[in-house]
Amino acid sequence: MVNEFPQVVTIAGNDSDGSAGGPADLHTFFSRNTYGMMILTAAVAGNSYGIQDQRTMDLPFINQQFKSIADDFDIKAAKTGMLADQPIIQTVVDNLKQVSFGALVVDPVISTKHGATLLELDAIQAVQNELLPLATVTTPNIYEGELLADMSIETADDMETAAQKIQSFGAKNVLLKGRHSEDDQQEVRDLLLLENGEKHWLTAPYVPTTHINGTGDTLSSVIVSELAKGATVLEAATLAKELTYQAIANTIEVGHQFGPINIWQAQD
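Residues numbered from 1 in each chain as written. Predicted model: local features only at pLDDT ≥ 70, side-chain atom pairs only at ≥ 80, totals over all residues. Heavy atoms only, no water.

**Student:** Residue-level account of the nonpolar core, with values.
**Tutor:** A general feature of soluble globular proteins is that nonpolar side chains tend to end up buried together. If you look at the biggest cluster of nonpolar residues, it comprises 45 residues, and the most contacted ones within it are Ile39, Phe66, Ile89, Leu96 and Phe101. Excluding anything up to four places from it in sequence, leucine 96 contacts Ile11, Phe66, Thr80, Phe101, Leu104, Leu131 and Leu134. Counting 22 residues, the second-largest nonpolar core is a separate cluster that includes Val8, Ile223, Leu227 and Leu243. (Core = buried A, V, L, I, M, F, W, Y, C linked by side-chain atoms within 4.5 Å. Buried < 20%, exposed > 50% of the residue type's maximum accessible area, 1.4 Å probe, protein only. Contact = heavy atoms within 4.5 Å.)

This is the structure:
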């Protein structure tokens, strides 16, 4: 039987409301005609109002998930999401060095889109020194970019400098997502710094909405899917930017406060 759909995997946490994390990744994989799998690192009890509780998976269980997937499936591309703490990051890194999961997209879940830091310093250093050197592409938001590059980002020149610093940790390609929190903002500009040094600005209109849960997950998961299907990094990132914009602009009403984006818009 011909395997028609490339197989991909997300290494991430589960959000119980389905708006972000592994569920958003799996929704996006499905919409882009790739078969998605998941290695669970953590679980969050939450809804559109916020997060009420969370748990991390024990390390032997994470190891077994890697082995179970690697022993059976032909993974063409993978991504990381919420890795929670330094021991989990190191466990994931150790496993990624042993398996053949194709291109790796690192969504460095360090800070929320509003700037709240999610990881301790030792975990951030593990992302810099251990995880980023494995990345085909990394997709930090503006606040994560500031933490990883250890600098303030205010201008386009700052974004270029920060992307170069992040690339210096070993990530081949860097997609640094622009700020999207200004009341009078007209557009969101993301910077793609390619392995060969080329810089591409990816731009979309700014959409004022509270339905933005899963934005980063969707963007990175589109990239994973397209890389698995043979696209270049530039092609994958450009499409991901457009589809994520469409998912934000075409709102769906799910939840009462901070709802999910419309991942159906990521379909062909």
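**Student:** With reference to specific residues and values, describe the pairing of strand β7 (residues 173-176).
**Tutor:** Both faces of β7 are covered, namely the face carrying Asn173 and Leu175 and the face carrying Val174 and Leu176. Inspection of the sheet shows strand β6 (residues 137-138) paired to β7 by 2 bridges, in the parallel sense. Looking across to β7, one finds that valine 137 is bridged to asparagine 173. Pairing of β7 with strand β8 (residues 187-193), which is carried by 3 bridges, proceeds in the antiparallel orientation. If you follow valine 174 over to β8, its bridge partner there is leucine 193. (Helix = DSSP H or I, 4+ residues; strand = E, 2+ residues; numbered from the N terminus. Pairing = 2+ DSSP bridges.)

**Student:** Outline the environment of serine 111, listing residues and values.
**Tutor:** Tracing the backbone through its elements, the reader meets serine 111 in the loop between β5 (103-106) and α4 (121-131). As a C-alpha pair, serine 111 and glutamine 65 span 46 residues in sequence and 26 Å in three-dimensional space.

**Student:** Before we move on, could you go through the packing of aromatic side chains and cite the residues and values that matter?
**Tutor:** Here a ring pair, both rings aromatic, is described through the centre-centre distance and the interplanar angle of the planes. Under the criterion given, the structure shown has 1 aromatic pair. For the ring pair phenylalanine 66 and phenylalanine 101, a centre distance of 6.0 Å and an interplane angle of 10° mean the geometry is stacked. In this pair, phenylalanine 66 is assigned in helix α2 (residues 59-72) and phenylalanine 101 in the loop between α3 (86-96) and β5, connecting sequence segments 35 residues apart. Both residues of the pair, phenylalanine 66 and phenylalanine 101, belong to the buried class. A cation over a ring is seen here: arginine 189 above tryptophan 201, with NZ or CZ 4.1 Å from the ring centre. (Phe/Tyr/Trp six-rings, centres within 6.5 Å; stacked < 30°, edge-to-face > 60°. Lys NZ or Arg CZ within 6 Å of the ring centre and 35° of its normal.)

**Student:** Describe the pairing of strand β9 (residues 199-205), naming the residues involved and giving the relevant values.
**Tutor:** Sheet topology places β8 next to β9; 7 bridges connect them, and they run antiparallel. For valine 188, the partnering residue across the bridge sits in β9 and is alanine 204. From the end of β8 to the start of β9, which pair antiparallel, there are 5 residues, and glycine 197 there has a positive phi angle of about 95°.

**Student:** Mind laying out the environment of leucine 131, listing which residues take part and the relevant values?
**Tutor:** In this structure, leucine 131 sits in helix α4. C-alpha separation for the pair leucine 131 and glycine 214, spaced 83 residues apart in sequence, amounts to 22 Å. Here leucine 131 is in contact with Thr80, Leu83, Val93, Leu96, Val106 and Ala126, once residues within four sequence places are set aside.

**Student:** For the pattern of salt bridges, give the residues involved together with the corresponding values.
**Tutor:** Per the counting criterion, the structure on display carries 9 salt bridges. Note that lysine 79 is salt-bridged to aspartate 25, the shortest N-O span being 2.9 Å. With a gap of 54 residues between them, lysine 79 in strand β4 (residues 75-80) and aspartate 25 in helix α1 (residues 21-31) connect regions that are remote in the sequence. In this structure, lysine 79 and aspartate 25 share a single accessibility class: buried. Aspartate 53 is paired through a salt bridge with arginine 55; the nearest N and O atoms lie 2.8 Å apart. (Salt bridge = Lys/Arg side-chain N within 4 Å of Asp/Glu carboxyl O.)

**Student:** Report on the sheet that holds β5, specifying residues and quantitative values.
**Tutor:** Strands sit in the order β3-β2-β1-β4-β5-β6-β7-β8-β9 across an open sheet of 9 strands; the sheet is mixed. This sheet does not close on itself; its edge strands, each paired only once, are β3 (50-56) and β9. Here strand β1 (residues 7-15) pairs with β4 via 5 bridges, running parallel. Within β4, the position partnered with glutamine 7 by the bridge is isoleucine 75. The sheet contacts of helix α8 (residues 233-249) involve β6, β7, β8 and β9, and relative to β9 the element is tilted by about 15°. (Axes fitted to C-alpha atoms, helices over the stretch in contact; angles between N-to-C directions.)

**Student:** Describe the side chain of threonine 218, naming the residues involved and giving the relevant values.
**Tutor:** Among the secondary structure elements, threonine 218 is positioned in helix α7 (residues 215-228). Apart from residues no more than four positions distant in its own chain, threonine 218 is found in contact with Thr28, Thr244, Ile261 and Ile263.

**Student:** Would you mind going over the packing of α3 against α4 in detail, with residue names and values included?
**Tutor:** As a packed pair, α3 and α4 sit with axes 9 Å apart at the nearest point and diverge in direction by 15°. As far as their axial angle goes, α4 and α3 are roughly parallel. Relative to α4, α3 is oriented so that their crossing is right-handed. The residues of α4 that touch α3, namely those facing Gln86, Ile89, Gln90, Val93 and Leu96, are Asp122, Ala123, Ala126, Val127, Glu130 and Leu131. When the residues that make up the contact of α3 with α4 are grouped by side-chain class, the tally is 7 nonpolar, 2 polar and 2 charged. (Parallel < 35°, antiparallel > 145°, perpendicular 65-115°, else oblique. Left-handed = near helix turned anticlockwise from the far one by under 90°. Nonpolar A, V, L, I, M, F, W, Y, C, P; charged D, E, K, R; others polar.)

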